[in-house]
Structure formats: structure tokens, C-alpha cells
Amino acid sequence: MTNVERFNPHVADARWQKIWEERSSFVADDNSTKPRAYVLEMFPYPSGRIHIGHVRNYTMGDVLARYKRMTGHEVLHPMGWDAFGMPAENAAMEKKVHPGGWTRDNIANMKAQLKRLGFAIDWTRELATCEPEYYGHEQALFLKLYAAGLVYRKESAVNWDPVDMTVLANEQVIDGKGWRSGAPVERRKLSQWFLKITDFAEELLVGLGSLDQWPDKVRLMQENWIGKSQGLKCRFRFPGGDDGIDVFTTRPDTMFGASFIAIAADHPVAQKLAANAPDLQDFIAECRKGGTTAADIETAEKLGFNTGLTVEHPLDPSWHLPVYVANFVLMDYGTGAVFGCPAHDQRDLDFARKYHLPVTRVVADGDVTDSSFEGNVAYTNPGVIVNSHWMNGMTVDQAKADVIAKAEKEGWGQGQTQYRLRDWGVSRQRYWGTPIPIIHCQACGAVPVPNDQLPVKLPEDVSFDIPGNPLDRHPTWSKVDCPKCHQEARRETDTLDTFVDSSWYFIRFASQPHDKPFDRAAAEKWLPVDQYIGGVEHAILHLLYARFWTRALSHIGMIDVKEPFASLFTQGMVTHQTYQDAKGTWLSPDQVRRDGDIWTIIDSGAPAVAGRIEKMSKSKKNVVDPDDIVDQYGADAVRWFMLSDSPPERDLEWSEAGIEGCWRFVQRLWRLTSQVSGADGVDKALDRKTHQIIAGVGADIEALAFNKAVAKIYDLANAIEKAAPSASRDTAIRTIVTLSAPMVPHLAEEAWTQLGAASGGGIIADAPWPQVNPDLLVEDEVTIAIQVKGKLRDTLTVAKGLPQTEVEALALASQKVQHAIDGADIRKIIVVPDRLVNIVL
RNA sequence: GCGGAUGUGGCGGAAUGGUAGACGCUACAGACUUAAAAUCUGUUGUCCUUUUGGGCGUGCGGGUUCGAGUCCCGCCAUCCGCACCA
């Protein structure tokens with residue numbers, strides 16, 4: 001074997017990164033006539049360092065972007081920073097630094113880290129959401145939606161820390177307590193801004209049907225999130241009056257099984273009663289304990305308070321039902337009141353058993369039709385209606401329709417479509433976010449900031465010494481004159497949810513004029529994003545908000561795009577083994593050493609325990625810093641690892657052995673490229689393999705099945721190594737360099753130059769993807785499996801397309817087959833052409 | 001509580017209803033070397049068998065089918081999300 005110098009990434013990486021930059025290789029041309037491809041990965045939050053998860057995400061996008069370039073597309077592959085958010089304020093409090101300075105330093109560091117990985121990014125379009133050039137346009141868009149009636153204000157609950165006197169994010173609530181103060185968190189109401197996403201509920205739901213290149217699970221999650229249901233809204237009247245409690249139910253068929261009415265603590269009826277009832281006030285206060293998350297509310301013990309009120313049953317006014325205030329009823333959903341049918345709803349049954357309320361069966365459980373209901377498991381399956389007067393004998397669906405029809409005819413209720421989706425609360429009581437461009441005036445109310453006064457910039461001189469929103473405390477910032485009446489007024493001091501920032505950045509990437517958020521024509525040329533890649537944790541919120549925002553902009557005529565992301569891919573996390581010492585203190589991987597199955601701490605020699613494989617996190621010390629591994633192995637080995645083995649949608653376990661293996665393969669590929677012999681002759685088998693793999697790798701990359709593409713490249717490398725020198729082999733070597741170029745671009749460029757392929761001055765980033773010759777894909781021999789009673793007994797290698805009768809004869813001629821048949825009668829023979837024969841006895 | 005997903009050798013994983021374990025990692029044996037590294041060759045699901053070979057194997061239990069990792073029904077286990085983390 002020729003003795004070749006090893007591939008040295010420390011020289012090659014930087015060399016090629018510089019050349020790509022000098023040639024502006026990855027700058028997208030808005031005026032190109034080529035077919036376009038917009039490849040986008042979810043932009044990172046600038047937390048300080050690039051995480052290995054980012055590396056995986058961006059490597060996937062990069063392979064696709066580079067592949068698209070090689071297949072003749074004009075590619076837009078931009079990068080930016082989701083730069084507003086709480087960590088910057090936490091850093092400000094802990095480290096006494098300004099959130100802006102901290103964020104911008106982080107961006108500089110992370111950008112340098114990304115550049116070392118050689119991503120084919122158009123850096124000319126870089127943006128950061130914390131800069132007024134970005135958020136000023138966002139304020140303009142917000143005001144356009146406001147003008148269109150899609151923004152409004154209402155009271156809504158927040159997590160309130162009574163000691164720190166501040167609003168807490170769900171994340172800052174640990175076991176129902178404030179993360180800094182440790183005080184039990186309360187739910188408190190504040191007046192906040194909302195976007196009318198519910199106006200688009202039906203559109204967003206129907207639109208999911210067109211997203212056939214999204215994962216089914218994400219579409220299903222969004223469908224459930226929107227939560228469309230059909231039901232009945234009806235009034236349970238107070239005896240003798242027209243007033244009453246409006247209830248929404250999806251089970252009007254079970255109305256004769258009702259045993260109580262439950263209303264939310266925030267329901268107006270509860271509020272009114274509480275004014276004169278201290279014990280109810282106490283109960284309502286009790287309900288407000290705990291966080292605002294669904295899990296908190298749903299898993300809290302079901303508690304009720306009997307108000308003493310009763311209401312008439314609409315189907316039988318002489319039948320009165322008690323009214324409870326209950327902690328599991330949400331004011332935000334439906335009407336904030338439900339009727340309880342304990343026999344056929346688990347939550348209602350738990351409640352009824354606890355408060356000794358009647359439980360009446362109204363849906364038969366098979367043959368069981370008794371009106372009395374035993375046990376503590378509700379019956380929620382379909383069945384025949386029983387114990388319900390005229391409805392007896394109907395199916396559930398018939399009864400639903402019947403009750404709704406009756407309610408509408410008699411005027412006490414109507415059929416209604418209900419969505420679980422709630423309007424999007426965008427107010428945040430925080431500094432480091434986009435200021436909401438509204439001025440509150442005593443006389444004029446909420447007044448939009450005039451367009452020529454945008455952007456409303458964040459003040460720089462703020463302090464984080466005390467908790468709460470520094471904008472609130474700022475001596476001058478919020479003091480302004482009303483744009484309408486010029487009287488003294490006050491700026492809105494809440495800022496926008498950072499999800500607003502990420503709801504339109506993909507449009508700004510496509511078009512970034514200075515004087516407006518985007519140029520419609522330019523943006524429409526690129527949008528929708530052809531391939532969007534990011535973490536599954538964004539499956540609902542970010543993706544739903546971005547879909548909504550795009551539709552809202554479309555609704556007001558700013559852009560003719562309905563769905564922002566044509567194809568979506570959600571990648572898995574990067575995990576790593578965890579280690580602990582005997583006391584349970586977490587150890588980093590470089591603190592421990594493995595001897596067989598035994599782990600020891602390197603410094604002390606004490607035993608260590610290898611624990612679960614978990615998502616990399618600082619607290620468990622199982623993180624690997626991308627800079628360190630790029631230092632050690634170079635960008636290409638790291639990229640190769642990110643693509644190998646695990647399917648991209650699943651978790652990938654980081655391992656030393658794995659990266660070592662990738663490093664070895666990079667070197668092996670490099671050695672292969674020095675083996676071009678100049679020999680003559682055709683190697684038909686190798687040609688076929690090469691072309692099968694060209695076709696396979698292309699298809700795998702298009703399907704984002706990078707692990708399979710990687711396996712095929714290994715396969716080709718193995719075949720080349722085994723083959724004798726020939727012209728075919730030399731071609732295969734050039735081909736494998738091209739095929740691996742999207743994955744290991746630095747090595748590929750270096751090899752491309754060495755192979756003399758770049759004699760015209762070209763680089764592999766601009767080279768075309770190899771053409772598949774379909775004639776070479778065809779096999780002339782096939783191996784056929786011979787089964788007897790479905791069990792494999794032999795295999796036969798025959799000419800492709802051999803007639804069925806001949807295949808059968810050959811199969812029966814096999815000794816192993818005859819042995820397995822053992823003289824029994826053959827009932828039939830199943831032949832799958834060119835694949836298999838199954839002899840059925 | 002509600003919702004979603006996953007389960008195949010020692011490990012990560014392949015497999016249009018048609019030869020289960022491609023490809024990689026690990027481990028073991030051998031070659032080269034004064035030695036090590038690097039590299040190369042081979043073996044590596046499991047049990048039985050002297051061999052040819054055979055039995056069993058895709059979380060568990062059923063079913064459909066000539067044929068099931070794949071389709072259907074019912075379980076079990078694990079992981080993830082739940083509206084103010086991004």
C-alpha cells in the first residue's frame with residue numbers, strides 16, 4: 001500500500017472555509033433562474049456556547065443544502081439568532097452584566113464555533129431578533145395586526161411569586177414554588193395582550209391536511225392542540241328565572257345522567273357569591289394555589305365547594321341540580337362551567353364519589369342497564385342509551401343529535417363547535433424582549449405608537465438589582481405623550497413573547513429591506529421553506545404560532561403564503577452516558593476511566609457508577625463541547641458522526657468509540673483517494689455497485705435518511721477496497737468523493753484538488769452530483785429464497801427473469817428442499833418472481 | 001390527568017408483507033512491527049451437533065396470511081410534550 005500523509009483537518013478545514021467565504025460560495029442569489037431550495041434549521045438561542053444538539057441539527061441541514069446545490073438548485077441556507085429571552089436577564093442578575101452585552105458576546109462566540117464546522121451558510125443574511133433592525137419591523141407587523149382587529153387585551157392568569165413580587169414563567173415554578181424565593185406560587189390576574197389565533201382555528205386545522213411532508217405525529221399533536229369538538233351549549237336556569245349557568249358539553253346524550261353543575265373559581269357566578277361568603281373566598285384562594293400549567297391543574301386533587309345554589313335541568317325543570325365551584329374546571333375553555341355526568345366521565349365520577357353525589361347510568365355497558373352505577377371506573381365507551389326517557393334505545397350519536405335538535409327547537413341551547421385552542425397571550429412582564437408598541441392614555445385608551453416613531457427601542461440604562469420588570473421601574477422610559485391628544489401618557493412596559501420573534505424570521509431571511517419588514521415579491525420567491533429542521537419540542541407552539549402568523553399576514557394582504565414550512569423534519573437529541581461517584585455527585589466523562597465493566601475516577605482511583613444515557617445537560621455533566629471535539633478530530637469527523645448510525649429523528653448517543661471510528665473512516669476515505677491507478681479495464685460488478693449507491697445515497701439524502709446514506713458510502717468504500725485496479729475503480733473513487741462531499745466537505749475539497757478534478761479551477765461545492773446510469777443498475781442474476789411451509793430451506797442463484805416453471809423445477813430439484821418435503825404432498829407453490837419460492841404442503 | 005412516541009444481537013441500527021441482523025461500533029483471533037500506534041485479514045444472535053446441518057429468535061399474549069419485525073386486537077415497559085423555557 002502506498003504510504004500517504006494523513007488528512008490533516010487542522011490545516012484543511014480553515015483553508016476551505018476561507019476559500020468558500022472568498023468565493024461567496026453560499027450566498028443565495030435572489031435573481032437566480034435556477035430552481036430554488038430554501039433549507040432552514042430552527043435558529044438557536046444564543047445561550048453562550050454551541051451545543052452538540054445544534055451541531056447535529058445544522059449538519060443535517062447542511063448536507064441537504066450542499067446536496068441541493070450539487071443537484072442544480074439555488075439554495076437559501078441562512079442563520080440567525082433567537083436572541084431575546086429570560087436567560088439573558090438571569091445572567092444580568094447573577095453576573096451583573098447587561099443582557100444586551102451578554103447576548104451579543106454569546107452570538108460572536110457561537111458564530112465562530114459554527115464557522116469552524118464549515119456549514120454552507122449565507123452569512124450575509126444573518127439577523128438577531130434583539131436588534132432594533134429586526135424587532136422594529138416586528139412592532140410594525142404587530143400594529144398591522146392590531147389595526148386588523150387581531151390583537152386585543154384581556155385579563156389572564158400568571159404565576160405570581162408573592163415574596164419576590166414578580167411574575168414567574170412556568171419554568172421558574174419548581175414544585176409549586178418560586179425558584180428563587182421558594183414561596184408557594186399563586187395564580188394572579190393581569191391585563192394582557194392577546195393575538196386572535198382562535199379566529200384561525202378552523203383554517204389551521206384544515207391546513208394540516210395540506211402538510212403531507214410533515215411528520216404524522218406533529219400534525220396529530222397540532223390537531224389535538226386545536227382540539228375541535230362538536231357539542232351543545234345550553235343554559236341551566238336558576239329556579240323560576242331566565243338567568244342561569246351556560247354549560248358546554250360534548251356529551252348531550254348523557255344529560256339524564258347529570259348529577260351536578262361545576263363552575264370555575266373565576267366564573268362570574270362564583271365571584272359574585274364570594275363577595276358575601278368568606279368560606280367561598282377561601283376556597284377560591286385555595287384553587288388559585290399552584291401553577292398555571294395544564295399538568296398542575298389536572299393532577300391537583302379534585303376539590304369542590306357546594307354553593308348551595310341549584311339550577312333546573314333543561315329537560316325536566318322540576319329536577320334541580322346542585323352547583324359546585326370546582327378546581328378542575330377551566331374558565332378559559334368552553335363556558336367555564338360543566339354538568340357532571342359521573343357514570344360516564346372519570347373526573348366527574350371521582351368528584352361524585354368524594355362528595356356523595358348520585359351516579360346514574362345512562363349508557364348501557366353491554367347487557368348492564370341498571371340505573372345504579374357500581375365501582376369507581378366510569379364507562380366511557382359507546383353503547384345504547386338507557387334510563388333516559390324518550391332517548392332509550394338510541395345510539396350515543398343519535399341521542400346527541402336528538403338533544404341538540406330539541407334544544408334548538410325549544411330555545412334553551414344550540415349546537416356549537418368548540419376548540420380547545422386558546423388565544424395566544426403575548427405579554428411578558430420582562431425587559432429583554434420586543435417592546436409592545438402601545439401607549440396607554442387616560443383619555444384615549446390604548447394608542448398604537450405611530451409608524452414614524454418605530455422602533456420603540458429598549459432603554460440601555462436598566463438595573464436588575466430587584467426582581468420584576470426593569471421597564472416598569474425605569475424613571476423616564478415609559479413616560480411619553482399620547483400620540484393622539486398629546487396629554488401625559490404611559491408606554492406599555494410589557495414585552496412580546498419571544499415566540500413572536502420566531503414566528504416570522506424565516507420571511508425576513510428571504511427578504512430584508514431597511515424600510516419595511518419584507519418585500520412581498522422577494523419573500524414569495526423563496527417561501528415556503530422547502531425543508532425546515534429542528535427539535536420535536538417545537539412540534540406545537542413554535543410551529544403553530546409561525547403557521548398562524550403567516551396566515552394572519554396573508555389575511556391582511558401582506559404576503560400570499562398560507563403555510564410557511566412545506567416540509568418539516570424533527571430531529572432527535574444527542575445523549576451521553578452519565579457518571580456519578582459513590583455519593584451521587586455527577587462526574588464528567590473525562591473524569592472517569594473504564595477498565596472492562598468497571599469505572600473508576602481517574603484522580604482518586606475511587607469507583608464510579610455509570611448511569612443512564614441521557615440528554616446532554618450541564619447539571620449532569622455529560623456534555624461534550626463541540627469546540628473540543630473539532631479541535632481533536634476536525635469538522636468532518638464530527639459531522640460524519642452526527643450523521644452516522646442513529647436515524648436522524650431518534651436520539652443519538654455520543655461516544656468516544658463512535659467518534660474514533662468516524663476519524664478512522666475519514667482517514668480511510670483519504671487513503672482511498674490516493675489509490676487512483678490509471679489502470680484500464682471495466683469491472684462490471686463495481687460499476688453496478690457504484691451506480692446503485694449513487695442512486696441510493698441521493699434518495700437517502702432527499703429523505704433525510706442520513707444514517708442509510710452513510711452506510712451506503714461505507715459499503716462502496718468496502719467494495720472499492722476489495723476491487724482490483726481498473727478504470728471502473730478509479731471512477732468509483734472519484735464518485736465516492738463526490739457522494740461524501742455534502743457530509744465531509746473539507747476532505748472532499750482536498751481530495752478533489754489532489755485528484756486533479758479541479759483543473760478547471762472549480763471546487764467540489766460547485767460540482768454536479770453524479771448521474772445515475774439506469775442500465776448499470778440492472779442485475780443479471782438474482783438469488784431466490786426457497787421456502788418450505790414458509791421456512792427458508794435453500795437459496796438459488798439464477799438468471800434474472802427466469803420463467804416461473806423453471807424456477808419451480810430448480811427449487812424442487814434441491815436436495816435440502818426434498819429433505820424438508822420428506823415425501824409429503826405438495827398443495828401449492830407460490831412464486832414471487834426473482835425473489836422467492838414457497839412450497840406449501 | 002390529557003396527548004404523543006419508542007421497543008430487533010454485547011451496543012447504535014438495516015430490512016416495498018417475501019433469505020432478519022445491511023452498515024458501523026465493541027470484543028476476540030491472526031498478519032505486519034524490536035515494540036507500540038496506525039493499517040490489513042478473519043470471527044462475532046443463541047442453543048444443539050463431529051460435520052453436512054438443525055432448533056429457537058425482532059418487549060409480552062392472541063389473530064389475519066402460503067409467508068409477519070412489518071398488518072389487526074389486547075397488554076407491558078420506557079421516553080417525551082402540555083400554552084410564560086427556547
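Cut-offs and rules
Residues numbered from 1 in each chain as written. Chains lettered and ligands numbered in written order. Predicted model: local features only at pLDDT ≥ 70, side-chain atom pairs only at ≥ 80, totals over all residues. Heavy atoms only, no water. 1 Å grid on protein atoms, 1.4 Å probe; cavity = no way out; pocket = protein on both sides within 12 Å on 5 of 7 lines; lining within 4 Å. Points joined across faces, edges and corners; volume = space filled by probe spheres on them. Helix = DSSP H or I, 4+ residues; strand = E, 2+ residues; numbered from the N terminus. Nonpolar A, V, L, I, M, F, W, Y, C, P; charged D, E, K, R; others polar. Patch = residues over 30% accessible without salt bridge, like charges linked within 9 Å, V, L, I, M, F, W, Y side chains within 5 Å. Areas by Shrake-Rupley, 256 points an atom, 1.4 Å probe, with all protein chains shown as cover. Salt bridge = Lys/Arg side-chain N within 4 Å of Asp/Glu carboxyl O. Lys, Arg positive; Asp, Glu negative; His and termini not counted. Charge placed at Lys NZ, Arg CZ, Asp CG, Glu CD. Buried < 20%, exposed > 50% of the residue type's maximum accessible area, 1.4 Å probe, protein only. Near = heavy atom within 4 Å. Polar contact = N/O pair within 3.5 Å; in protein donor to acceptor, adjacent residues only side chain to side chain. Core = buried A, V, L, I, M, F, W, Y, C linked by side-chain atoms within 4.5 Å. Contact = heavy atoms within 4.5 Å. Axes fitted to C-alpha atoms, helices over the stretch in contact; angles between N-to-C directions. Parallel < 35°, antiparallel > 145°, perpendicular 65-115°, else oblique. Left-handed = near helix turned anticlockwise from the far one by under 90°.

Participant: Help me get a handle on empty space enclosed by the protein, residues and values and all.
Facilitator: Using the criterion set out here, one finds two cavities of 30 Å³ or more in the structure. Put simply, the largest cavity is a space of about 220 Å³. Lining the largest cavity are 21 residues, with Met93, Thr166, Val167, Gln172 and Gly468 sitting closest to its centre. Among the secondary structure elements, those contributing two or more residues to the lining of the largest cavity are α3 (86-95), β6 (166-168) and α13 (470-473). With four residues, α3 is the single largest residue contributor to the lining of the largest cavity. Looking at side-chain class alone, the lining of the largest cavity contains nine nonpolar, seven polar and five charged residues. In this structure, the second largest cavity spans a volume of roughly 60 Å³. If one sorts the elements of the lining of the second largest cavity by residue count, helix α2 (residues 52-70) sits on top with three residues. Here the lining of the second largest cavity is composed, by residue class, of eight nonpolar, no polar and three charged.

Participant: Describe a negative patch on the surface, naming the residues involved and giving the relevant values.
Facilitator: Together, Asp590, Asp628, Glu656 and Glu660 make up a region of like negative charge exposed at the surface. Within the secondary structure, Asp628 is located in helix α18 (residues 626-643). Looking at Asp628, the relative accessible area reads 47%, which means it is partly exposed.

Participant: I'd like a rundown of the protein's contact with RNA strand B, residues and numbers included.
Facilitator: Near RNA strand B lie 62 residues; those nearest to it are Asp82, Asn170, Glu171, Arg430 and Asn838. Close to the protein, within 4 Å, the atoms of RNA strand B are drawn from sugar and phosphate at a rate of 62%. Between Met86 and RNA strand B, the recorded distance is 3.4 Å, taken from a backbone N or O atom to a phosphate oxygen. With respect to RNA strand B, the backbone of Arg420 contributes an N or O atom lying 3.2 Å from a base nitrogen. A breakdown of the residues in the surface near RNA strand B according to their chemical character gives 24 nonpolar, 19 polar and 19 charged.

Participant: Report on the nonpolar core, specifying residues and quantitative values.
Facilitator: Counting residues in each nonpolar core, the largest one holds 171 residues, and the members touching the most others are Tyr38, Phe506, Trp654 and Ile701. It is α18 that provides the largest number of residues to this core, a total of ten residues. Once residues lying within four places of it in the same chain are set aside, the contact partners of Trp654 are Ile52, Val574, Thr575, His576, Met616, Val624, Ile629, Phe641, Met642 and Ile659. Val269, Ala270, Leu280 and Tyr324 belong to the second-largest nonpolar core, a separate cluster that totals 55 residues.

Participant: Pulling in residues and values, what's your account of the packing of α2 against α18?
Facilitator: Each pair of packed helices gets described by two things: the angle between the helix axes and the distance between those axes. Two numbers describe how α2 lies on α18: the axes approach to 10 Å, and their chain directions differ by 50°. With respect to α18, the element α2 is oriented oblique. The handedness of the crossing between α2 and α18 is right-handed. Residue-level contacts link Ile52, Val55, Arg56, Thr59, Met60, Asp62, Val63 and Arg66 of α2 to Pro626, Ile629, Val638, Arg639, Met642 and Leu643 of α18.

Participant: Explain the pattern of salt bridges residue by residue, including any values.
Facilitator: Where charged atoms from two side chains of opposite charge approach closely, those side chains can pair. Within this structure, the stated rule accounts for 39 salt bridges. The partner of Lys115 in a salt bridge is Glu21, with the nearest N and O atoms 3.7 Å apart. Of the two residues, Lys115 sits in helix α4 (residues 99-116) while Glu21 sits in helix α1 (residues 9-22), which places them 94 residues apart along the sequence. For Lys115, a relative accessible area of 28% puts it in the partly exposed group. For Glu21, a relative accessible area of 53% puts it in the exposed group. Its salt-bridge partner being Asp834, residue Lys800 comes within 3.8 Å of it at the nearest N-O pair. Here Lys800 is found in the loop between β33 (791-799) and α25 (804-813), whereas its partner Asp834 is found in the loop between β34 (828-832) and β35 (836-840), with 34 residues between them in sequence. Overall, Lys800 belongs to the partly exposed group, its relative accessible area being 43%. Sharing partners across several salt bridges, the network here consists of Arg49, Arg116, Asp625, Asp627 and Asp631.

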